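Okay, here's what each chain looks like letter by letter:
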Amino acid sequence: MNRNMDINTLRPEKKLNQSISKIRAWAFDYLLKPSTLGVLVLFVLLLVVLFLPPVIGMADDGSTAAIISGSNLYNLGELSPKEAILFFQKNWGIMEYYNDFGIAQITSQTPFLEAAKNLDIAYTWDWRFDIRFYGAVIALFYLIAMYFLFETVTYGKRAKWTYVIVGLGVIIFGDTAYTAWINSFYPQALSFFLVIILGSSLILMGQEKLNDYLLIGCFFLSALLLCLLNQQYTLLGLFLGILGINLKYVDKKKHYQRICVICGTLLMLSSLAAFFVMPNGLTKLSAYHSMTRGVLMTAENPEQALEEFSINPQYAVLTGTSYYQAISPETMDSQEMENAFFSKVNPTGVAIYYLANPGQLYEMFNRSVDSSFNIRPAWLGNYETTAGYPPGAQTSFFTAWSYFKANYLPGNFGFIIIWMGILIGVYVRFFRKGIIEKNERNTLRFVGLMTWLFIGLWELYVAIITSGDTDTLGHLFIFSLIFDLISFVILGKFIHWLAKQLRKVDWKARKQAFLNRNKNKNKDQGGYRL
């Protein structure tokens, strides 16, 4: 009987030990996993930067007015237009009445803003919108995107090098120059995580690390949201839709193949519809700069360049000028200027001109790449007026990567060409091997990186043909992000290869050989002493 009592007495302790062991195993498998640990560190960084005083965000330059109005929000007027560019504005009004509306613009941002607005109303009921609720919604998807990205470079291993590369990822993509966009109405807040998910889902599909249906859903959803973010992104849907249809060859399951064909077709149709329905956002200012700060500025003979657009060569006097410093506003808005100049300038014509003059296009690429390495525009402040910082002040907290990138990386297109050569040289063998072996999954790592590269170069080109070297913030942000994404993946590959080579070295044998060599050297030296 005593024996039975001892057994019964020990059982709860045994169960407790088993439970503790299971918890430790779960924590090791998930919480201490490199990808999860990296996301947790990013979560803490976001909490400190975006949600705790002094709150960091991006000042408003007025370009998001249509998006704000489309979500039934309005500016409380706490800042003057000049101050709005220099200081971050956290609080906005929520329209309460049917006659409180402006010029609405519905994009893929709208559902996220609606979700954030409903969260704010449910929590505060003060009919004031705190932009941090929107930041919280975006931050959630950003953390998911970063988990996907970290998974692409860790290869499912828990070696020391995986923690190193994830740490570098935290430094690069947790940089406040990137994360400050999350607390803003700019489309960069969405494109930040959408672009990451888009390419990462393809690479993960090739690595077979997550469920195929989950990844294909993430690919098509992120592609659709990106294409509906702005009219100038819509044509990307044609490329991404064709790519999505071809993903059917990755898996032979009929349901999977049907999903790829249906979703790819819908993506292309949605993109075409959005291209004609959504406002293009191009203004006289953009058209003017595409010529004066682009075509004319890089042309050896501006008069001849104007003749190719059937524009009077006398307008060559505007070469290099901005919209506001050229001539009087009355002249710019006149019917004569409209007929003689603006009516003959359009993105299609400018695009064809650059293709016919590759030297000018290369020079514009150089200018744009240099600008893109400044992730944050210098004219937008990061602090609220109540924080006590001077107008236009930008945070220096956790900005090591953006500082290095802006000041030390070569900002020219020649460097990008070399960088693209390294990328293709490293990964094209996987693509070739997959084609030869008829294993489409082996091609997806290369396809994912090429998808990123195509989007980045496309946005760089669109920036040039629509705005010259001015007002290219949105397009250059995506190019800068994609440069960092591809560089990060290549760096992860290099560290993985380096760690593999180091593991092959017999360090004990080398240490012993070194000690023996020193010992023999000392003996030889001792023989010559007097």
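Residues numbered from 1 in each chain as written. Predicted model: local features only at pLDDT ≥ 70, side-chain atom pairs only at ≥ 80, totals over all residues. Heavy atoms only, no water.

(A) The arrangement of empty space enclosed by the protein in detail. A full pass over the atoms with the stated rule returns one cavity of 30 Å³ or more. Estimated volume of the largest cavity: approximately 60 Å³. A per-class count over the lining of the largest cavity returns seven nonpolar, four polar and one charged. (1 Å grid on protein atoms, 1.4 Å probe; cavity = no way out; pocket = protein on both sides within 12 Å on 5 of 7 lines; lining within 4 Å. Points joined across faces, edges and corners; volume = space filled by probe spheres on them. Nonpolar A, V, L, I, M, F, W, Y, C, P; charged D, E, K, R; others polar.)

(B) Representation of unusual backbone geometry. The peptide bond linking proline 53 to proline 54 adopts the cis configuration, its omega dihedral lying at -5 degrees. The phi dihedral of tryptophan 125 is positive, around 60 degrees, even though this residue is not glycine. In this fold, tryptophan 125 is placed in the loop between α5 (109-124) and β3 (128-130). Overall, tryptophan 125 belongs to the exposed group, its relative accessible area being 59%. Positive phi outside glycine occurs at lysine 438, with the angle close to 55 degrees. Within the element layout of this structure, lysine 438 appears in the loop between α20 (413-436) and α21 (444-467). (Helix = DSSP H or I, 4+ residues; strand = E, 2+ residues; numbered from the N terminus. Buried < 20%, exposed > 50% of the residue type's maximum accessible area, 1.4 Å probe, protein only.)

(C) Fine view of a positive patch on the surface. A cluster of basic residues, Arg429, Lys433, Lys500, Arg503 and Lys504, forms a positive patch on the protein surface. Mapped onto the elements of the fold, arginine 503 is located in helix α22 (residues 473-503). (Patch = residues over 30% accessible without salt bridge, like charges linked within 9 Å, V, L, I, M, F, W, Y side chains within 5 Å. Areas by Shrake-Rupley, 256 points an atom, 1.4 Å probe, with all protein chains shown as cover. Salt bridge = Lys/Arg side-chain N within 4 Å of Asp/Glu carboxyl O. Lys, Arg positive; Asp, Glu negative; His and termini not counted. Charge placed at Lys NZ, Arg CZ, Asp CG, Glu CD.)

(D) Up close: the nonpolar core. In this structure, Phe129, Tyr134, Tyr142, Tyr354 and Trp452 are the most contacted members of the largest nonpolar core, which totals 149 residues. Sequence-distant contacts of tyrosine 142, that is, excluding residues within four places in its chain, are made with Leu42, Leu46, Phe173, Gly174, Thr179, Ile182, Phe192 and Phe193. (Core = buried A, V, L, I, M, F, W, Y, C linked by side-chain atoms within 4.5 Å. Contact = heavy atoms within 4.5 Å.)

(E) Quick look at the side chain of threonine 64. Turning to its location among the elements, threonine 64 is positioned in the loop between α2 (34-51) and α3 (65-70). Relative accessible area serves as the criterion here: at 4%, threonine 64 is assigned to the buried category. Not counting the four nearest positions on each side in its chain, threonine 64 is found in contact with Phe185 and Tyr186.

(F) Here's a closer look at the state of the cysteines. The full count for this structure, using the stated rule, is zero disulfides. Not part of a disulfide, cysteine 263 finds its nearest cysteine sulfur in cysteine 260, a span of 7.6 Å. Its relative accessible area of 28% is what places cysteine 263 among the partly exposed residues. (Disulfide = S-S within 2.5 Å.)

(G) Molecular detail of the pattern of salt bridges. Scanning all chains against the criterion turns up eleven salt bridges. Residues arginine 441 and glutamate 208 are paired through a salt bridge, measuring 3.7 Å at the closest nitrogen-oxygen approach. Linking arginine 441 in the loop between α20 and α21 with glutamate 208 in the loop between α9 (188-207) and α10 (212-227), this pair joins segments that are 233 residues apart in sequence. Linked through salt bridges whose partners overlap, the residues forming this network are Glu208, Asp212, Asp251, Lys253 and Arg441.

(H) Molecular detail of α2. Relative to the 26 Å expected for 18 residues at 1.5 Å per residue, α2 spans 25 Å between its end C-alpha atoms, a close match to the ideal helical length. Three or more residues of α2 are buried, namely Pro34, Ser35, Thr36, Gly38, Val39, Leu42, Leu45, Leu46, Val49, Leu50 and Phe51. (Expected span 1.5 Å × (residues − 1).)

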